[in-house]
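Observations on the three-dimensional arrangement
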Amino acid sequence: MTAIAEFRLSGENSACKTAFDRLPSLECEMEPVVAGDIGVWFSGAERSAVEDALAADPTVESHERVEAGEDRWFYELEFAGAFDGLFELVADRDRAILGAVGRRGVWTVRFRLPQREDVREVYDGVAVLGLDPEVVRLADPAAADHGRSELTAEQYEAVAVESIGAPSRFPTRSS
């Protein structure tokens, strides 16, 4: 059964870490990713400061401004390091990144995974990349409201135990 999993990712290997350190008010919103270019909207800082921070950030292999809105700018990025590995966890496995938001060095990433068992593989893969994962939400997209509701506490625990193993290996908001 398909699952929507939302992870909070942080740590020294986090994408745009240098940019967030330089620009504490910086906010990033990544568009959905299945394959191809990675599009990210940046706001919360001046355009020139964003460009300088991206150019100096070792987690950003390349960046190109594609579009500008009022006080926000859209870039196509190529990541280096751990975040690049994150996209490899998605590629060629019928998985998708539905979107991501980054603030103060912490990213919240929503995945669509073809099987609930994939939650464990993604969690373990993200941990190996040094991105300090925390699962903050699991949802069932087949639910009556089309995946907008969260699982009940009992359902969440059952999925955590079934998919990940011992809950102590599966940090969540409540642990």
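Structure first, text after, so check above.
Figured I'd write up the structure that's included with this text. Treat the numbers as computed from the prediction; the structure is a model and nothing was measured.

1. Description of the overall build of the protein chain
Helix and strand content of the protein chain: five helices and eight strands. Scanning the protein chain from its N terminus toward the C terminus, one meets helices and strands in the order β-α-β-β-α-β-β-α-β-β-α-β-α. Put simply, the protein chain has 175 residues, and 45% of those count as buried. For the protein chain, contacts bridging at least 24 residues in sequence account for 63% of all contacts bridging at least 6. Working note: accessible area of the protein chain is about 8,900 Å², and carbon and sulfur atoms make up 45% of it.

2. A closer look at helix 4 (residues 118–128)
Within helix 4, burial applies to Asp 118, Val 119, Val 122, Tyr 123, Gly 125 and Val 126. For helix 4, the buried positions fall inside an angular range of 165 degrees around the axis, keeping them on one side.

3. Overview of the sheet that holds strand 2 (residues 27–30)
Strand order in this open sheet of eight strands is 4-5-3-2-6-7-1-8, and the pairing throughout is antiparallel. Edge strands, defined here as strands with exactly one partner in the open sheet, are strand 4 (60–69) and strand 8 (134–139). Mean inter-strand twist for the sheet, computed between neighbouring axes without regard to direction, equals 20 degrees. Note that strand 1 (residues 3–9) and strand 8 share five bridges and pair antiparallel. Each bridged residue has a counterpart across the sheet, and for Glu 6 the counterpart in strand 8 is Arg 137. Against the sheet, helix 2 (residues 47–56) engages strand 3 (38–43), strand 4 and strand 5 (72–79), with an angle of about 5 degrees to strand 5. Relative to the sheet, helix 4 contacts strand 1, strand 7 (106–113) and strand 8, its axis offset from that of strand 1 by approximately 15 degrees.

4. A closer look at unusual backbone geometry
At Cys 16, a position not held by glycine, the phi torsion is positive, near 60 degrees. Following the sequence through the fold, Cys 16 ends up in the loop between strand 1 and helix 1 (17–22). In this structure Cys 16 comes out as buried when scored by relative accessible area, which is 0%. Residues other than glycine seldom take positive phi values, yet Asp 71 does so here, at roughly 65 degrees.

5. Examining the environment of Ser 62
As for its placement among the helices and strands, Ser 62 is situated in strand 4. Once the C-alpha coordinates of Ser 62 and Tyr 75 are considered, the two residues, 13 residues apart in sequence, prove to be 9.7 Å apart. Ignoring any residue separated from it by four or fewer positions in sequence, one finds Ser 62 in contact with Glu 76, Leu 77 and Glu 78.

6. Topic: the nonpolar core
Ranked by internal contacts, the top residues of the largest apolar core, which has 43 residues, are Met 30, Phe 42, Phe 79, Phe 83 and Trp 107. Per-element tally for this core: the top contributor is helix 3 (residues 82–90), with six residues. Dropping the residues within four chain positions of it, Phe 83 is found in contact with Leu 9, Ala 15, Met 30, Trp 107 and Leu 131.

7. Details of the environment of Gln 115
On the secondary structure map, Gln 115 appears in the loop between strand 7 and helix 4. The exposure class of Gln 115 is partly exposed, given its relative accessible area of 37%. Side-chain polar atoms of Gln 115 contact the backbone nitrogen of Met 1, separated by 3.2 Å.

8. What to know about the pattern of salt bridges
A full pass over the atoms with the stated rule returns nine salt bridges. Ionic pairing is found between Lys 17 and Asp 21, a salt bridge with its closest N-O pair at 3.3 Å. Remark: Asp 21 and Lys 17 occur in helix 1; sequence separation between them is four residues, near one turn of the helix. According to the relative accessible area criterion, Asp 21 is exposed, its value standing at 52%. A salt bridge links Glu 51 to Arg 47, with the shortest nitrogen-to-oxygen separation between them at 3.3 Å.

What counts and what doesn't
- Residue numbering note: each chain is counted from 1, following its sequence as written.
- Local features in this predicted model are restricted to residues whose pLDDT is 70 or higher, and side-chain atom pairs enter the listing and the counts only when it is 80 or higher, whereas totals over whole chains, interfaces and linings include all residues.
- Working from all heavy atoms in the structure, the side-chain values ignore hydrogens and water.
- Working definition: helices are DSSP H or I runs of at least four residues, strands are E runs of at least two. Numbering for both runs from the N terminus.
- Classification of residues uses two cut-offs on accessible area relative to the type maximum, computed with a 1.4 Å probe and protein chains only: under 20% is buried, over 50% is exposed, and between them is partly exposed.
- A contact between two residues is defined here by any heavy atoms of the two lying within 4.5 Å.
- Using a 1.4 Å probe, the Shrake-Rupley method yields the accessible areas, and only the shown protein chains count as cover for residues.
- To be clear, the arc concerns the directions from the helix axis to the C-beta atoms.
- Whether two strands pair comes down to DSSP finding at least two bridges between them.
- Orientation is described by axes fitted as lines to C-alpha atoms, over the contacting stretch for helices, and by angles from 0 to 180 degrees between their N-to-C directions.
- Here, nonpolar core means buried Ala, Val, Leu, Ile, Met, Phe, Trp, Tyr and Cys residues that are tied together by side-chain atoms lying within 4.5 Å of each other.
- Each polar contact in these results corresponds to two N or O atoms within 3.5 Å; when the atoms are within protein, one needs to be able to donate a hydrogen and the other to accept it, and residues that are neighboring in sequence are counted only if both atoms are side-chain atoms.
- One speaks of a salt bridge when a side-chain nitrogen belonging to Lys or Arg is within 4 Å of a carboxyl oxygen belonging to Asp or Glu.

The analysis is restricted to geometry; functional conclusions fall outside its scope.
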